[in-house]
Structure formats: structure tokens, C-alpha cells
Amino acid sequence: MSDNDTTAGTLRNGKEPRTINGRALKPSTLMMGHGYDPVLSEGSLKPPIFLTSTFAFPSAADGKRHFEGITGKRPGGADGLVYSRFNAPNQEILEDRLAIWDRAEDALSFSSGMTAICVLMLAYASQGDVIVHSGPLYAASEGFVAKVLARFGVRYVDFPAGATREEIDGVLARAKDLAAEHGGKVCMVYLESPGNPTNALVDVEAVRAAVDAAQLTCPIAIDNTFLGPLWQRPLEHGADIVVYSLTKYVGGHSDLVAGSIAGAKKWIDPVRSLRNTMGGICDPNTAWMLLRSLETVELRMQRAGENAAKVCEYLARHPKVEGLGYLGMIADQRQQDIYDRHCLGAGSTFSVFLAGGEAECFRFLDNLKIAKLAVSLGGTETLASHPASMTHLSVAEGRRAELGISDNLVRISIGIEDADDLIADFEQALEAV
Ligand SMILES: Cc1ncc(COP(=O)(O)O)c(C=O)c1O
């Protein structure tokens, strides 16, 4: 919804400035109050949690007008709160604030990252269509395309994350042919950058240029979970829709599960419409927790990023470490070029390749004292896991090898602890390898 929309919901606050004397306020400032007016909630400084399934209409005519907006009989969407499967105050404030980080016109919140991804793809894919995607993707995203959408006649063509413009042109041409063969269209280009767990980057600018050159009208969506919202803003590099598992850096405390998408209203509207039908919106309590998380997201990510740089500096020189998949130490020239054009920071999630294989990785993981042995990432605490035997176990062995997910790869997500304490922990765990 637009910044000066004062009619959109009971909490819409048209008075709050987004600029002062022509100075655009930064997201970190806007996270404290944007989209919430205390006057409308008994002066409560923070938004209450609105535990209600439905909203009372001021008049029958208002009820009719709201439903005309929701059903699309009148353009412009809902202009008030109606029912909590569609929208509600905590989620609406959350969505307004999420949109700010990606400079997006609109955003939607979901009950998980995977709900966001599944509803997004379902909103755009029809029988006979083709999805073009980068690889690797988060295993469940890849599985949803290859196994679930396939049952409904949706096909896919994939390309490796580091693909060049020429390679992407070739993939799009193949996808167009495949779609034409089955009476469909290329309905979405879906990217994940950096890829999980190798940190391989996709050249989003090259994908944009290739999509335009191929005269495709579908959206380019990108999972920005690993670097967003601080270290990469894909909408500024040609993507149309940005996707998040808010469970990770945005939530940031490993205590909730949620997801989101953001982009121009014209791309978000079809997804909102399907979410209205299916549900899958984030619940009010989780939305409230995310509002609290957003107040510190910049601080947390900055600290985690600084810690990761120090830890990687140490690990890179350790004799039992064969290599690092850390964006602050890229060995490949093309990947470095993509990084320089797209990224604002190296993040705090990376892979460590230990000398040895599964046994050595397990000894390392079992001996960690501060870092916790758990999947997920982006929390205040440091986590470590073994993708080949955990998150990516369901990926076929050949494909795992193709993607570089080897038995000696440990994935680490650095938190906001003291960096030297973390280094001491890794040092003693490596001694046990
Ligand atoms: C890159 C990426 N995308 C999406 C997801 C799915 O998010 P969620 O677990 O919130 O459903 C994950 C989860 O690990 C992820 O790492």
C-alpha cells in the first residue's frame, strides 16, 4: 500500500514522515514506528497483538466496499481489514516494514518461507508452463518444482548458479521451446543467490538482460534469504520479486518460522489473491515477534558479518581446512565479479571444507562447545551442520556431487557471540578432528 494511504486499515498512519527536510529516513529508523499509530491503540507505544479472526464493519456499505476490493470487482484491493485469513494489523505493519528494506511497493507475509515459495509458484504456474530456475536451490524449493508442480503438468529447466549471459540465453531458448511444445509459457524465472549451502552466486543482472532479450513477460523471483535484507537488494539488479525465509536473519533468534515476498504491486497482487483463498498468512503473534526482530536486524547482521570475517580469517589459515565457501574470500574471478556488482556484504553463513570426509566432519561437529549442532541459519547463536547427511540428504548423490555438496563440507552460520570465543571453540574442535 502506498505511503500516504490513510484509509487502508485501522492502523494506517498517514502522518508519520518518511523524509525530514528532503532527507529520506533509513530503514533502521523506520523500523521503530512505520505503519503504526499509537493513537489508534489507546496510546500503546508498541502495537498490541490483535488476536481476532474477523473485523467489525462500520456499516453494511463499508462491508460491501471491502469485499468488492478483495474479490477484484473494484480495482485497488481491500481498503480495510475484513478477515484474518486475508490480512490483520500486525501482519500489515510487518509487511509495510518488510517492503522498506527492499525498496518494494508491496509485501506479503507467510507462515513459513516454504509457504511463501509454494504460494508464489502456484500463483504463476499453469498446466503446460515451464519454470526456469538456478541451481542449487534450497532442497524443499527444488522438490516442490520437480515433484509437486510436475504432477500438475508444470515442467522446469535449470541452470548452474554461476552461468554466463550466453548460457542463460541458451536455457531460456530451451525453456521457450519446451513450453511451446506443451501449449504453455515460461511462467517464472526463479533464482536463489547465494545458493544453499555452497554460496554460489547468480548473475541477476545477466538474467534480467536475458529475460528482456527473450521478450519474456514472466517475473524473475529470487530467494534472498542468505544475504537479505542487508547485504543484497536484488530488486535493484533487475529481479521483480524477492523471497525470504524470515525464519533466518530477519527473525534472527531461532524462535519462529515465517516467510515473505516483496515487489511491485502488479507482481504481488496475484499472490495475494491466492493467499486470500488458501490462507498461509503469518499469524499475529509471529508477526509481532518479527516487528521486534526488525528493530535490531541491521545491528545483528552487522555484528554477525564482522564475526564471520574474523572466524574465516582464522579458518583459512588452519592446516585441517582445505577451503572455504565464504563470500569474503572468493577464489573464482567470475563469482567475484558477480559479488562486486550485486552484494553489499559477505554475510555470515559459509561452508568449510575439512581435510577428510564425513568422519572428520562429525568429529568436528561433535566437539563444538559454543556453536550448536543444528540446521538453519541467521540466528543470534552460531550453528553448524553437515549438509550432505542432513539438509541435502534427499538430493540424489550425483546431483549433490554436481552442486559441490561434498562429504567434507560443514556449513556454519555465525552468530553475534564474541568472535574470539568462537575462534577458541573452532580451534579446540579442529584439534579433535
Ligand atoms: C534459502 C532458503 N530458502 C527457503 C527456506 C525455507 O524456509 P522456511 O524453513 O522458513 O520454510 C530455507 C530454509 O532453510 C532456506 O535456507
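Up top is the structure these notes are about.
Residues numbered from 1 in each chain as written. Predicted model: local features only at pLDDT ≥ 70, side-chain atom pairs only at ≥ 80, totals over all residues. Heavy atoms only, no water.

Side note on the packing of helix 4 (residues 113–124) against helix 5 (residues 139–148)
Operational definition: Note on geometry: axes are lines fitted to C-alpha atoms, helical ones only across the stretch in contact, with angles between N-to-C directions running from 0 to 180 degrees. Working definition: helices are DSSP H or I runs of at least four residues, strands are E runs of at least two. Numbering for both runs from the N terminus. Working rule for angles: under 35 degrees goes down as roughly parallel, over 145 as roughly antiparallel, 65 to 115 as roughly perpendicular, anything else as oblique. For any helix crossing, the convention is left-handed if the near helix is rotated counterclockwise from the far helix by under a right angle, and right-handed if that rotation is clockwise. Contact between two residues is taken to exist if any of their heavy atoms lie within 4.5 Å; hydrogens are not considered. For this classification, the nonpolar set comprises Ala, Val, Leu, Ile, Met, Phe, Trp, Tyr, Cys and Pro, the charged set comprises Asp, Glu, Lys and Arg, and every other residue, Gly included, is treated as polar.
Axis separation between helix 4 and helix 5 bottoms out at 10 Å; the angle between their running directions is 25°. Between helix 4 and helix 5, the interaxial angle falls into the category roughly parallel. Helix 5 is crossed by helix 4, and the crossing has right-handed handedness. Contacts between helix 4 and helix 5 pair Met114, Ile117, Cys118, Met121 and Leu122 from the former with Ala140, Ser141, Phe144 and Val145 from the latter. The residue inventory of the contact of helix 4 with helix 5, partitioned by class, reads eight nonpolar, one polar and no charged.

Notes on the pattern of salt bridges
Put simply, the test is: One speaks of a salt bridge when a side-chain nitrogen belonging to Lys or Arg is within 4 Å of a carboxyl oxygen belonging to Asp or Glu. Relative accessible area decides the class of each residue, using a 1.4 Å probe on protein chains only: under 20% of the type maximum gives buried, over 50% gives exposed, and in between gives partly exposed.
Enumeration over the complete set of coordinates arrives at 21 salt bridges. A salt bridge links Lys46 to Glu295, with the shortest nitrogen-to-oxygen separation between them at 2.6 Å. You can see Lys46 sitting in the loop between helix 1 (27–30) and helix 2 (60–70) and its partner Glu295 sitting in helix 9 (residues 284–316), a full 249 residues away along the chain. Judged by relative accessible area, which is 25%, Glu295 ranks as partly exposed. With a closest N to O distance of 2.5 Å, Asp79 and Arg65 form a salt bridge.

Focus: the packing of aromatic side chains
For any pair of aromatic rings, the description consists of the separation of the ring centres together with the inter-plane angle of the planes. Definition in use: Any pair of Phe, Tyr and Trp rings, taking the six-membered ring for Trp, is counted once the centres come within 6.5 Å. Such a pair is stacked with planes under 30 degrees apart, edge-to-face with planes over 60 apart, and tilted for the rest.
Inspection of every chain in the model, using the stated rule, returns six aromatic pairs. Both rings, one in Tyr83 and one in Phe86, keep their centres 5.7 Å apart while their planes meet at 65°; by these two values the pair is edge-to-face. With a relative accessible area of 36%, Tyr83 lands in the partly exposed category. Measuring from centroid to centroid gives 5.8 Å for Tyr326 and Phe350, while their planes differ by 70°, and the two rings are edge-to-face. Linking Tyr326 in the loop between strand 10 (321–325) and helix 10 (333–342) with Phe350 in strand 11 (residues 349–354), this pair joins segments that are 24 residues apart in sequence.

Focus on the sheet that holds strand 10
The condition that has to hold: Pairing between strands is defined by DSSP: at least two bridges between the two strands are required.
Pairing in this open sheet of five strands is mixed, and the strands run 10-11-14-13-12 from one edge to the other. If you trace the sheet from one side to the other, it starts and ends with strand 10 and strand 12 (372–373), each paired once. As paired elements, strand 10 and strand 11 share four bridges and run antiparallel to each other. Paired with Leu324 across the strands is Val352, a residue of strand 11. Packing of helix 11 (residues 358–367) onto the sheet brings it into contact with strand 11, strand 12, strand 13 (383–385) and strand 14 (409–413), and relative to strand 14 it is tilted by some 30°.

Focus on the site of the ligand
For the record, the criterion: The nearness test applies per residue and asks whether one of its heavy atoms lies within 4 Å of the molecule or strand. The term polar contact refers here to a pair of N or O atoms within 3.5 Å; inside protein, the definition further demands a hydrogen-donor-capable atom paired with an acceptor-capable atom, and it admits residues adjacent in sequence only when both atoms are side-chain atoms. Only the protein chains shown count as cover for residues, with accessible areas throughout obtained via the Shrake-Rupley method and a probe of 1.4 Å.
As a matter of local geometry, the ligand sits amid 14 residues, with Met114, Asp223, Ser245, Thr247 and Lys248 nearest to it. The backbone of Gly113 places a nitrogen or oxygen atom 2.9 Å from an oxygen atom of the ligand. Between the ligand and the protein, one listed contact pairs an oxygen atom with a side-chain N or O atom of Ser245 at 2.8 Å. Contact with the protein chains removes 90% of the 390 Å² of surface that the ligand exposes when unbound. Examining the composition of the shell around the ligand, we find that three residues originate from one element, helix 4, more than from any other. Here the shell around the ligand is built from residues that sort into five nonpolar, six polar and three charged.

Everything listed here is a matter of coordinates, which is why it stays silent on function.
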